[in-house]
Amino acid sequence: MSSTRRPTSRSVRRTAVAATSAALAGVLLAACGSGGGSGSGTTGSGPVHIKVWAWYPQFKQVVAEFNRTHKDVQVDWVQAGVGQDEYTKLKTALKAGQGAPDVVMLEFQELPTIQLTKGLLDMGKYGANADKGNYVSWAWSQASDGDHVYAIPVDGGPMAMMYRADLFKKYNLKVPTTWAEYKEEAAKLHKADPSAYMTDFGSDETAAGWRQGLAWQAGSRPYTYSASKLPDIGVKLNDDNAKKVYEYWGDLVKNKLVDTASYATTDFYNGLSTGKYATYIAAGWGPGYLSSVAAKTSGKWRVAPLPQWTAGAGAQGDWGGSSFSVTSQTKHPKEATEVARELFGTSQAAWKIGIDQAYLFPLSNPILNGAYFKSKKYDFFGGQQINSVFVPAANGISTFDWSPFQDYAYNTDTSEVGKALQGQNAWSSVNDNVQQQVTSYASKQGFKVSK
Amino acid sequence: MSLLRQQGSTATAPPSAVPARGLRTPVTGRRPGGLSARTRHKGMGLLLVSPFLLLFLAFLVAPLCYAFWLSLRTSTLVGGDHFSWFANYQQTFTDPQFLSGVRRVVVFGVVQIPLMLGLALLGALIIDEVTSRLAKVFRMTLFMPYAVPAVIGALMWGFLYSPTFGPVNSISHSLGLGKVDLLSHALMLTSLGNIVTWQWTGYNMIVLYAALQGLPREVYEAAKLDGAGQLQTALRIKIPMISSAMVLALMFTIIGTLQFFTEPRVLEHSASSVITPDYTPNLYAYNLAFQYSEFNYSAAISFSLGAVVFIGSYFFLFATRKRSGLK
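Reading the values: the criteria
Per chain, residues are indexed from 1 in the order of the written sequence. Each chain is given a letter, starting from A, and each ligand a number, starting from 1, according to the order in which they appear as written. In keeping with the predicted nature of the model, local features appear solely for residues at pLDDT of at least 70, side-chain atom pairs appear and are counted solely at 80 or more, and the whole-chain, interface and lining totals rest on all residues. Calculated side-chain values reflect all of the structure's heavy atoms, with hydrogen atoms and water omitted. The way it works is that DSSP assigns letters per residue, a run of H or I at least four long becomes a helix, a run of E at least two long becomes a strand, and they are numbered from the N terminus. Only C-alpha atoms enter the radius of gyration, while the globule expectation follows 2.2 Å times N to the 0.38, with N the number of residues. Categorising residues by exposure relies on relative accessible area from a 1.4 Å probe, with only protein chains included: less than 20% of the type maximum marks a residue as buried, more than 50% marks it as exposed, and the intermediate range marks it as partly exposed. Pairs of residues are marked as contacts when any of their non-hydrogen atoms sit within 4.5 Å. Each accessible area is a Shrake-Rupley estimate made with a 1.4 Å probe; only the visible protein chains count as cover when residues are assessed. Counted as positive: Lys and Arg. Counted as negative: Asp and Glu. His and the chain ends are not counted at all. By convention, the charge on Lys lies at NZ, on Arg at CZ, on Asp at CG and on Glu at CD. Note on scores: pLDDT gives the predictor's confidence for each residue, bounded by 0 and 100. Reported buried area values correspond to the accessible surface (1.4 Å probe) lost by two parts on association, with both partners' losses combined. Criterion for a salt bridge: a side-chain nitrogen of Lys or Arg within 4 Å of a carboxyl oxygen of Asp or Glu. A 3.5 Å cut-off defines polar contacts: any pair of N or O atoms within that distance qualifies, except that in protein one atom must be a possible hydrogen donor and the other a possible acceptor, and neighbouring residues in sequence count only when both atoms are side-chain atoms. Under the scheme applied here, ten amino acids are nonpolar (Ala, Val, Leu, Ile, Met, Phe, Trp, Tyr, Cys and Pro), four are charged (Asp, Glu, Lys and Arg), and all others, including Gly, are polar.

**Student:** Honestly, the overall build of chain A in this entry has me stumped. Any pointers?
**Tutor:** Along the backbone of chain A there are 18 helices and 13 strands. Its C-alpha atoms give chain A a radius of gyration of 25 Å, within 12% of the compact-globule value 22 Å for 451 residues. Along the first, second and third principal axes, the C-alpha set of chain A runs to 80 × 70 × 50 Å. Counting every position in chain A, which comprises 451 residues, the buried fraction comes to 55%. Summarising the internal contacts of chain A: among those between residues at least 6 apart in sequence, 72% fall at separations of at least 24. Of the roughly 18,300 Å² that chain A leaves accessible, carbon and sulfur atoms contribute 52%. One finds the centroid of the 45 positive side-chain charges in chain A at a distance of 6 Å from the centroid of its 39 negative side-chain charges.

**Student:** Would you mind going over the side chain of Ser415(A) with me for this structure?
**Tutor:** Inspection of the secondary structure assignment puts Ser415(A) in helix H17 (residues 406-421). If we skip the residues at most four places from it in the chain, Ser415(A) touches Thr276(B) and Pro277(B).

**Student:** Before we go on, may I ask you to explain the confidence of the model for chain A in this structure?
**Tutor:** If pLDDT is low for a region, its predicted coordinates should not be looked at in detail. When the pLDDT values of chain A are averaged, the result is 89; 90% of them are 70 or greater. The low-confidence segment residues 1-42 of chain A, where pLDDT is below 50, has 24 contacts with residues more than four positions distant or belonging to other chains.

**Student:** What is the right way to look at the interface of chain B and chain A in this model?
**Tutor:** Put simply, an interface is often sized by how much accessible area is lost when its parts join up. Taken together, the contact pairs 33 residues of chain B with 40 residues of chain A. Counting the surface chain B buries against chain A, the share from its top three residues, Leu77(B), Val78(B) and Gln291(B), is 21%. Joining chain B to chain A, the criterion identifies zero salt bridges. If you look at where chain B meets chain A, you find 10 residue pairs in polar contact (both at pLDDT 80 or more). If one sorts the elements of the side of chain B that touches chain A by residue count, helix H3 (residues 37-71) of chain B sits on top with five residues. Of the residues contributing to the side of chain B that touches chain A, the split by class is 16 nonpolar, 15 polar and two charged.

Dropping the structure here:
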């Protein structure tokens, strides 16, 4: 066949290829040239520009507020992806040695991981310790290690139960205060309407923090970790408290009293907005989330405290929440620290945007316990002052350490939950399997693991 | 600089000057510091390939070398980084997560590849035989999924598979067959196979169809005279004669299957308890690097996967060398 091909057409094509690749090379070189700098820095005597990565859209107004009130420091905001997508970019930039922003939004569980790769600046050296009293203590302890401050807390996710008041009334359900009651009501609901579920069990990776938060409430403290005591780490993912939580939910799943759709999928949103799910166990940021994904159910939801293992115990857990860290690649540590501390800090104006528009749950004491936040009424919840539930929940959370390999732990947990869900493994074996895999991983990574 | 000037003169020389230049060769050849015609040609060639070569070195060879260098080092979260020769590779081939991923894509390929190529072959034979306008429409329709970017295709299928919104589920429900969870552990490989088949059958069909179109028509006439029917012509003449194109299509498909990534990565969002981070070797390498920061081990996994692909392709080509004409 090749003999029929005319040589001229071949050489023409080659020339075209060469020309195209030359043009492409030019474009790429030009791209490299313009993208070489990290983007932050001063030119002449103007203000210092600090590049910030954060993901919620309302952050735009917060930045505008900061830039309006600051002269020498200006914030350049970049949306570099939500959660894991942003972390992937950050880790790659840290590994590459360039390209990281000055200030980055990080969830609490991610802090030890990034800190361990020496990716975070110790803001304690730039006066951040002065803020200690401004934040709820469990959040400050997750963001710091003694006098080393690796993050400034912003928002939290104290857990509570949101429920459909109309459905509860329709099926004559009682608002549960203990997990035992929750199960009874779940059975009652499913019997009355087989297509309805008490809630959706978060079985996927985005719900790993949800499962951890529930175990947190039950008293499980899987990690004992401090960056200053490396290489020591305590790992105990299979204590009785954690097992109790997983077996409880496994039982609900087996009896088909809860659904098992992945969180953050259209099926899940659909369940929230059609009445398929009667409750949504969520966190302080949940009201904002719920009112955007299930807008048409406005007015039908109410908030109640998280059901308890022991009646009246008032045990709480947290799911999510974020902070601002300064990366080790910054050329302006002083100004970047200022940005991390003052983007929200105790600024009433910034927090008004955060509370009203971004539905952030403040961890800043004066805001959290201030009258505005506590007494705010939410139309989506039928005018309920929902923070009278969330604020005590936030204040009742006890300290909790994260591991510096939280992604691995979450992924392993998700895989094992998946196996239990598919009936390959017993629910009672999930925690033991996770413990075994995580400890062996930690040992391989050079940690001295105590179980 | 002299090289450039030299080229300038070559480029301006009209093609008709070739014999004249040939005559002058002894003179120019003796000129001190001058380049012979051969060297000049070489220089010209080098310049012409240099854009490609530069990109090739910068974006393929250099990253490969860097990744290989990474793969020979071990870096742990605590304790830093040291040179460890082939320890990562040793770990790779005893790593149950990597091996289960390889096993999964092999099982996937054994079922999906023959099915897809069989369909592609059937389609190619049909459109080769039927020359009506309908055949053109058929060809376009089958080829169209290939024009859809893989990510978009996977997202779309993920939606179709959805237990709440997916039509598959509502059809089976209305037929009284109950709920079918296409994103469950048991059906995931089938669901993925369906996406891949949908996307690539048309492409392979076109490859095979092009080969069929290149066959000399006289052979068919001879077959007809010998009393062969259409089926016999297809089985005994067409298929053997396009076997080299089939080997090529099969080869590309095998390589693609071993590097399976996009579709599971997209469906991971709707079924992350089924599609684990180590679902396919490529997905595992990606997650190791960008979620667990294990760049070194990830590099070793990538190279090991590359080795599996290379050795696999080599043996495949060796085994089929008679058919493919690559003796």
